[in-house]
Each structure stands twice: as C-alpha cells, then as structure tokens.
Amino acid sequence: MDFFRANLKQTVRIHRVQFQRLLFDEDSDVGPELAELFRDVGENYLRIAERISARCESRQAAED
C-alpha cells in the first residue's frame, strides 16, 4: 500500500498545481483545458482505485 499511497500523493500534488493554475490565476479562463484536466484527474483516480481494489482482493483471497 505504500506504493499506492506515494503514487496517490504525487498525483494529487500534480493535479492541485494544475487546478491552482487553471482556476485561480487571474489571467486564466475556464475553458477546454479545465475540462481536459477534470477528465484526466477522473481517469487517473479510477485507475488508482482499481489497482488498490485489486490488491486488496488478492490479499483477501490469500488470507482465505
């Protein structure tokens, strides 16, 4: 789980910087870049969730 935690922390840091730039910079405009970022974030988090679930399921199967 440490790998997943480190991966998730890195992903969140990257996305936070990107959201900061797209949402809060005075010269930024809400546009297609923001939509692309939301799509990318969603896909990344779904992949991470699937890997964590698979790992938990394999651990559970090994314990049974």
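Summarised in this report is the structure supplied together with it. (Residues numbered from 1 in each chain as written. Predicted model: local features only at pLDDT ≥ 70, side-chain atom pairs only at ≥ 80, totals over all residues. Heavy atoms only, no water.)

**Overview of the overall build of the chain**
For the chain, the count of helices and strands is 2 helices and 0 strands. Its C-alpha radius of gyration of 16 Å places the chain more than 25% over the 11 Å reference for a compact globule of 64 residues. For the chain, the spread of C-alpha atoms along the principal axes amounts to about 55 × 20 × 10 Å. Counting all 64 residues of the chain, 17% fall into the buried class. Of the contacts made within the chain by residues no fewer than 6 positions apart, 61% connect residues no fewer than 24 positions apart. A total of about 5,200 Å² of accessible surface is found on the chain, and carbon and sulfur atoms cover 54% of it. (Helix = DSSP H or I, 4+ residues; strand = E, 2+ residues; numbered from the N terminus. Rg over C-alpha atoms; globule rule 2.2 N^0.38 Å. Buried < 20%, exposed > 50% of the residue type's maximum accessible area, 1.4 Å probe, protein only. Contact = heavy atoms within 4.5 Å. Areas by Shrake-Rupley, 256 points an atom, 1.4 Å probe, with all protein chains shown as cover.)

**Considerations on the nonpolar core**
Core analysis: the biggest nonpolar cluster contains 5 residues, these being F19, L22, L34, L37 and V41. For this core, the secondary structure elements donating two or more residues are helix 1 (2–24) and helix 2 (32–63). For V41, the residues in contact, after removing those within four places along its chain, are H15 and F19. (Core = buried A, V, L, I, M, F, W, Y, C linked by side-chain atoms within 4.5 Å.)

**Some remarks on a nonpolar patch on the surface**
On the surface, a nonpolar cluster with roughly 320 Å² of combined accessible area is contributed by L23, F24 and V30. Along the chain, F24 turns up in helix 1. (Patch = residues over 30% accessible without salt bridge, like charges linked within 9 Å, V, L, I, M, F, W, Y side chains within 5 Å. Salt bridge = Lys/Arg side-chain N within 4 Å of Asp/Glu carboxyl O.)

**With respect to helix 1**
If you check helix 1, its first and last C-alpha atoms are 32 Å apart, about what 23 residues at 1.5 Å a residue would give, namely 33 Å. Turning to helix 1, the residues buried within the fold contact helix 2. (Expected span 1.5 Å × (residues − 1).)

**Description of the packing of helix 1 against helix 2**
Two elements in contact, helix 1 and helix 2, have axes whose closest approach is 11 Å; the angle formed by their N-to-C orientations is 170°. The angle between helix 1 and helix 2 places the two elements in the roughly antiparallel class. For the pair formed by helix 1 and helix 2, the contact residues are F4, N7, L8, T11, V12, H15, Q18, F19, L22 and L23 on the first element and E33, L34, L37, F38, D40, V41, N44, Y45, I48, R51, I52 and R55 on the second. (Axes fitted to C-alpha atoms, helices over the stretch in contact; angles between N-to-C directions. Parallel < 35°, antiparallel > 145°, perpendicular 65-115°, else oblique.)

**As for a positive patch on the surface**
On the surface, R5, K9, R13 and R16 cluster together into a positively charged patch. Of note, R16 is situated in helix 1. Judged by relative accessible area, R16 falls into the exposed class, the value being 55%. (Lys, Arg positive; Asp, Glu negative; His and termini not counted. Charge placed at Lys NZ, Arg CZ, Asp CG, Glu CD.)

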